[in-house]
Amino acid sequence: MAIRAFLLLLILFSSSYYAVALYEDQVGLMDWHQQYIGKVKNAVFQTQKAGRKRVVVSTEENVIASLDLRHGEIFWRHVLGDNDTIDAIDISMGKYVITLSSGGSILRAWNLPDGQMVWESFLRGSKPSRSLLWTPTNLKADKDNVILVYGNGCLHSLSSIDGDILWKKDLSHKSIDIQHLIHPEGSETIYAIGVGDLSQFEAYIINVRNGELLKHSSMSFPGGFSGDISLVASDKAVVLDSSGSSLVSISFTEGEIKFQQVDIANLVQHISGSAVLLPSKLEGMVAVKIGKSLSFIKVTNEGRLEAVDTIPHVEAVSDSLPFSEGQSGFGLIQHDGTDIHLTIKTGNDWKSHLLEESFKVDQHRGLVHKVFINNYIRTDRTYGFRALIVMEDHSLLLMQQGAIVWNREDGLASIIDVTTSELPVEKDGVSVAKVEHSLFEWLKGHLLKLKGTLMLATPDDIAVIQRLRLQSAEKSKMTRDHNGFRKLLIVLTRAGKLSAIHTGDGRIVWSLLLNAFRKSVTCENPRGLKIHQWQVPHHHALDENPSVLVVGTCGLNSDASGILSFIDVYKGEELNYLATLHSIAQVIPLPFTDSIEQRLHLLIDAEGYGHLFPRTPEAISIFQEELGNIYWYSVEVNNNVLRGHAVKKNCVSEIGDDYCFESSDLWSVVFPSDSERIIATSTRKLNEVVHTQAKVTSDQDVSYKYISKNLLFVATVTPKSTGEIGSVIPEDSWLFVYLVDTVTGRVLHRMSHHGSQGPVHAVFSENWVVYHYFNLRAHRYEMSVIEIYDQSRADNKDVLTLVLGKHNLTAALSSYSRPEVITKSQSYFFSHSVKTMAVTATAKGITSRQLLIGTIGDQVLALDKRFLDPRRTVNPTQAEKEEGIIPLTDSLPIMPQAYVTHALKVEGLRNIITVPAKLESTTLVFAHGVDLFFTRLAPSRTYDSLTEDFSYALLLITIVALVIAIFVTWIWSERKELEEKWR
């Protein structure tokens, strides 16, 4: 009895340990979360003596954030959304962050310390215009600081305390483009200046108290203007003429307008090229970019233009910063290789410098795009300066005292494509010292875990245990593991930068700013499109490093020239690149590899020609053998057409290129534009693994899945339904879905949803497709599922027939033979709006699948596919319950435990990537938007492995205790038998 009680106690103790420590100990063990903000557009420093030193920024990802100036950490941030573009930011009264967004339509005030929204005002106007925000410090109305906003053709004056509109003035007549708001010091008036009809300079003088128009002055300039007006003083401005060869100085004192024109060639000698007026706000001067040089032109009190200096290789200029009584300075950035030179100058004394510093940066950050400066007072009471620098790769640096204080990799907030790569195989021959050290660390870790289990660990021990879990050497090793958890995420950002992220801890292994995707004379607007696996060598056969192919174009047009870049995944080096190629409309990875395991790709240009890569004789011989089996499709959304294509013949006679092939159109599906519009398509992943085609139902029947990689899901809506949700009545709204064979163009299934509307998000896997849409009649979102089965194999159910081999399971499938298919479908209400959808993937396809749903709240929800089984009924039979069929309900359940991201948010969520691990039970999940999130997911639990927090020490103690207990009981039993014999 004593032994049984002891064993029971051990079991209960160990089980209670796992129950209590399950969540707390696993925080950060299998997942990581990184927060970013994106490329900075505007920055305002807040460095008052009281409170923390911070900088408030707005970014291209529509993020408003407050950053710590000491470490670059985020104090707070808000992501406003894709349709709420931030136009301007400022700080009012030293305690409110003011943001203007949505084209001057929404003005918000945020509390500076914690980021809580204080008020929000909606500003209406008559027509779209540029947006201006101005928060003067010396302008008050009834003891209230005034905020001036120009947007949608109207000028508004608002209270900075509660956001109430004090007055409104419509300035939208005659197509006038208001560009600046000016308040002369000590005046009760404000100036609004701009350009009308490209040649007319307009100036409005308005009473700041009530918005009354006091004076309107207008004057035409012969030949007209080009570009924006640059303001140099409260009554002077400079602009380029229409030819771009002259500067025009404009004086508008008290509404009296005067022009003075000077040829740039007379101001700046020995420099040729087109002139660009920089938007930087400099006191008393303007900066003119001509070629690679920057010329500074001073404007005198009389309005004359005088050349001050010309500086070569200037990459960025900051706005003027007033730092003492009557003094202001601005920053210049010059780039020389990996060296960046920062110079702070003042317009009062051009020959002297307030600051000259240099520092080195990684060459893969590219050139400097923007610079913002701020001053501080040193311990010796002199002025010091810090510079916030935005780089070409969208990263953010803070430079102070000749060194980089911190940097942020905010380019990762704009990922456009992701692929994965295996890590290198661990090499043999590990040193004995390393083995002994690893063994010591292993024993130390398990002893500490044992102390924690027995409740003997001190707080310091608990902290060490957690640190060992998070900083596991196994997790962050640069070699592949036997479970396939450690991989490289290869991500391409909007800046044209390629980075490799380790899945173990989220660190950046290497990053590379691709030369082919940088702006140049031959490629003005480069943009990346896609990453493809180029070479994936088998580690037992080849000693080559894997490589990826990055595809892009030199513009947004369909006929823009293409760019190809080949990157070594392990070294992060560009092996080769091809620029100014033919146009690239589509990239088709082919299921063929050459002798060095380079995958063949067919690039389709805008004219329909196919171009084969790699351009080798071996590749073309492989391609010629499979010429009759290569098909692809295209979706022309604007024309409402699906087309199927095939390779026809070599086009060497027309173009003179052995690797070019003509294509022919096989079929087309045309949706009438007056009745249907294509809004979504989806297809299966090329590398998806299906474990079995057969599906055994509860009545012992066998259904055969229709498994085809050529199936395409298409969703269309009526033209009236293409607008926002609720823009059409249910009677006029239809949603149609199609399953189309992309080889023959045959429509295998069509279904309609009356009273439904997009947007539609769909995911296709195995033989089923799930799609999400809005039901106007029920005023709720819905998710529907369609499963498709192959009836041509329905007779293969007899065991004797299968044993004797009299079946057609091994017969070849052809898309040209008309398939006998049946479909099953079901619809359910779903309470969330959806941003994106994905499905889990495992190595062998055995594990149950889960849908990964990116919700409108920027979280990832895992939903078991069993909830979307079309065979669900209200009262399932006992056999159906044993099969796992869930009773039918009208809504899909959402359980808090089903959120993969837990309490975290992936702000600005755009996409979810799933990658199978080697362990069949586990799939790797990567979600990206403004933030990044990675985790491991086991849809059917980890049935094929022990968990990482399994206590081997406790198991060892249990085994030892059992051995001791057996030995003790054996001794007791022997003694008892001996005593009984002596009796």
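Only a predicted model underlies this, so the values are computations on that prediction, with no experimental measurement involved.

Conventions we followed
- Residues numbered from 1 in each chain as written.
- Predicted model: local features only at pLDDT ≥ 70, side-chain atom pairs only at ≥ 80, totals over all residues.
- Heavy atoms only, no water.
- Buried < 20%, exposed > 50% of the residue type's maximum accessible area, 1.4 Å probe, protein only.
- Helix = DSSP H or I, 4+ residues; strand = E, 2+ residues; numbered from the N terminus.
- Pairing = 2+ DSSP bridges.
- Phe/Tyr/Trp six-rings, centres within 6.5 Å; stacked < 30°, edge-to-face > 60°.
- 1 Å grid on protein atoms, 1.4 Å probe; cavity = no way out; pocket = protein on both sides within 12 Å on 5 of 7 lines; lining within 4 Å.
- Points joined across faces, edges and corners; volume = space filled by probe spheres on them.
- Contact = heavy atoms within 4.5 Å.
- Axes fitted to C-alpha atoms, helices over the stretch in contact; angles between N-to-C directions.
- Salt bridge = Lys/Arg side-chain N within 4 Å of Asp/Glu carboxyl O.
- Core = buried A, V, L, I, M, F, W, Y, C linked by side-chain atoms within 4.5 Å.
- Disulfide = S-S within 2.5 Å.
- Patch = residues over 30% accessible without salt bridge, like charges linked within 9 Å, V, L, I, M, F, W, Y side chains within 5 Å.
- Areas by Shrake-Rupley, 256 points an atom, 1.4 Å probe, with all protein chains shown as cover.
- Lys, Arg positive; Asp, Glu negative; His and termini not counted.
- Charge placed at Lys NZ, Arg CZ, Asp CG, Glu CD.
- Polar contact = N/O pair within 3.5 Å; in protein donor to acceptor, adjacent residues only side chain to side chain.

Undergrad: What should I look at first to understand the pairing of strand 64 (residues 923-928) in this one?
TA: Every other side chain in a regular strand lies on the same face of the sheet, so the side chains alternate between the two faces. Counting buried positions along strand 64 gives six out of six residues, so the element sits mostly inside the fold. Neither face of strand 64 is open: one carries T923, V925 and A927, the other L924, F926 and H928, and all of them are buried. Taking the residues between adjacent antiparallel strands as the criterion, strand 63 (residues 911-916) and strand 64 are bridged by six residues. Examined bridge by bridge, strand 64 and strand 65 (residues 932-937) share six bridges and lie antiparallel to one another.

Undergrad: Could you clarify how one ought to interpret the packing of aromatic side chains in this entry?
TA: Two measures describe an aromatic ring pair: the distance that separates the ring centres and the angle between the ring planes. Considering all chains together, one arrives at 18 aromatic pairs under this definition. Their ring planes at 20° and their centres at 5.7 Å tell us that W32 and F934 sit as a pair that is stacked. In this pair, W32 is assigned in strand 1 (residues 32-34) and F934 in strand 65, connecting sequence segments 902 residues apart. Here the two residues W32 and F934 agree in accessibility, since each one is buried. Geometrically, the ring pair formed by F323 and Y383 is edge-to-face, given 5.1 Å between the ring centres and 70° between the ring planes. With F323 in strand 28 (residues 321-324) and Y383 in strand 33 (residues 383-391), this pair connects stretches of sequence that are 60 residues apart. Judged by relative accessible area, F323 falls into the buried class, the value being 9%. The exposure class assigned to Y383 is partly exposed, which follows from its relative accessible area of 31%. Put simply, the rings of W32, F926 and F934 pair up and form one aromatic cluster.

Undergrad: Explain empty space enclosed by the protein here, please?
TA: Where empty space is left in the structure can be found by rolling a water-sized probe over the atoms. All told, the structure shown has one cavity of 30 Å³ or more when counted by the stated rule. Elements with a minimum of two residues in the lining of the largest cavity: strand 38 (497-502) and strand 39 (508-513).

Undergrad: Would you mind showing me how to read the environment of G211 here?
TA: Along the polypeptide, G211 turns up in the loop between strand 17 (200-207) and strand 18 (213-220). We classify G211 as buried; its relative accessible area is 6%. Each C-alpha atom, one on G211 and one on K168, is 6.6 Å from the other, the two residues being 43 residues apart in sequence. Setting aside its immediate chain neighbours within four residues, G211 contacts W167, K169 and I206.

Undergrad: Would you take a moment to explain the sheet that holds strand 3 (residues 54-59) for this structure?
TA: Strand pairing in a sheet is mediated by backbone hydrogen bonds. Such pairs are either parallel or antiparallel. Spatial strand order, 2-3-4-5: four strands in an open sheet with antiparallel pairing. Taken across any chain shown, the strands that pair with only one partner, and hence form the sheet edges, are strand 2 (40-46) and strand 5 (74-79). Geometrically, the sheet is characterised by an average inter-axis angle of 15° between neighbouring strands, direction not taken into account. Two elements, strand 2 and strand 3, share six bridges in a ladder whose sense is antiparallel. From the neighbouring strand, V40 faces strand 3, where its bridge partner is T59.

Undergrad: Whenever I open this one, the pattern of salt bridges confuses me. Can you help?
TA: Close approach of charged atoms lets side chains of opposite charge pair. Scanning the model with the defined rule gives 31 salt bridges in all. R108 is the partner of E120 in a salt bridge, and the nearest nitrogen-oxygen pair spans 2.9 Å. Note that E120 is positioned in strand 9 (residues 117-122) and R108 in strand 8 (residues 106-111), a separation of twelve residues in sequence. One network of salt bridges, in which partners are shared, links R365, D393, E409 and K497.

Undergrad: Before we go on, may I ask you to explain the sheet that holds strand 64 in this structure?
TA: Taking strand neighbours across the sheet as the criterion, the four strands line up as 1-65-64-63 in an open arrangement whose pairing is antiparallel. The open sheet has two edge strands with one neighbour each: strand 1 and strand 63. Across the sheet, the mean angle separating the axes of adjacent strands is 15° when strand polarity is ignored. Taken together, the three bridges between strand 1 and strand 65 define a ladder with antiparallel strand orientation. Across the sheet, W32 pairs through a bridge with F934, a residue of strand 65.

Undergrad: I would appreciate a short explanation of unusual backbone geometry in the present structure.
TA: Negative phi characterises most residues that are not glycine, and trans characterises most peptide bonds. Following F613, the chain continues to P614 via a peptide bond in cis, the omega torsion being 5°. By the secondary structure assignment, P614 is in the loop between strand 46 (610-613) and helix 5 (617-625). G758 connects to P759 through a cis peptide bond whose omega is 5°. Looking at where P759 falls in the secondary structure, it is placed in strand 56 (residues 756-765). A positive phi angle is found at N152, which is not glycine, with a value near 55°. Structurally, N152 is set in the loop between strand 12 (144-151) and strand 13 (154-159). Residue classification places N152 among the buried positions, given a relative accessible area of 14%.

Undergrad: Looking at this structure, how should I read the nonpolar core?
TA: As a rule of thumb, soluble globular proteins bury nonpolar side chains together. In terms of nonpolar packing, the biggest core is built from 35 residues, with V55, V57, L388, F926 and L932 touching the most fellow members. Ignoring any residue separated from it by four or fewer positions in sequence, one finds V55 in contact with A43, V44, F45, A65, S66, L67, L69 and L388. Core analysis: the next-biggest nonpolar cluster, separate from the first, contains 20 residues, V763, F830, L861 and L868 among them.

Undergrad: Sorry, what's going on with the state of the cysteines here?
TA: Covalent bonding between the sulfur atoms of two cysteines is what defines a disulfide. According to the stated counting rule, one finds one disulfide in the structure shown. A disulfide bridge connects C523 with C554, and the sulfur atoms are separated by 2.1 Å. One quick way to see it: the torsion about the S-S bond of C523 and C554 is about -115°, and its sign makes the bridge left-handed. Taken together, the positions of C523 in the loop between strand 39 and strand 40 (527-535) and C554 in the loop between strand 41 (547-553) and strand 42 (562-568) put the pair 31 residues apart, joining distant regions of the chain. For C554, a relative accessible area of 15% gives the class buried.

Undergrad: Looking at this model, I keep getting lost on the pairing of strand 28. Mind explaining?
TA: Sheet topology places strand 28 next to strand 29 (residues 327-336); three bridges connect them, and they run antiparallel. Looking at strand 29, one finds that S324 is bridged to Q327. Where strand 28 folds back onto strand 29 in an antiparallel hairpin, the turn is made up of two residues, including G326, whose phi is positive at roughly 75°.

Undergrad: Can you help me understand the environment of D31 in this one?
TA: Here D31 shows up in the loop between helix 1 (2-21) and strand 1. With relative accessibility at 16%, the residue D31 sits in the buried group. Each C-alpha atom of the pair D31 and F926 lies 9.6 Å from the other, and the pair is 895 residues apart in sequence. Beyond its immediate stretch of four places on either side in the chain, D31 contacts H902, F933, F934 and T935.

Undergrad: Help me out: how do you make sense of a negative patch on the surface in this one?
TA: Together, E974, E977, E979 and E980 make up a region of like negative charge exposed at the surface. When you line up the elements, E977 lands in helix 9 (residues 952-982).

Undergrad: So what exactly am I meant to see when it comes to the environment of Y899 here?
TA: Checked against the element boundaries, Y899 lands in the loop between helix 8 (878-883) and strand 63. Expressed as a C-alpha distance, the spacing of Y899 and L861, which sit 38 residues apart in the sequence, is 4.4 Å. If we ignore the near neighbours within four places in the chain, the residues touching Y899 are H832, Q859, V860, L861 and I894. Polar contacts involving the side chain of Y899 include one to the side chain of H832, which spans 3.2 Å.

Undergrad: I would appreciate a short explanation of a nonpolar patch on the surface in the present structure.
TA: On the surface, a cluster of nonpolar side chains totalling about 250 Å² of accessible area is made up of L955, I959 and V963. One can find I959 in helix 9. Relative accessible area serves as the criterion here: at 45%, I959 is assigned to the partly exposed category.

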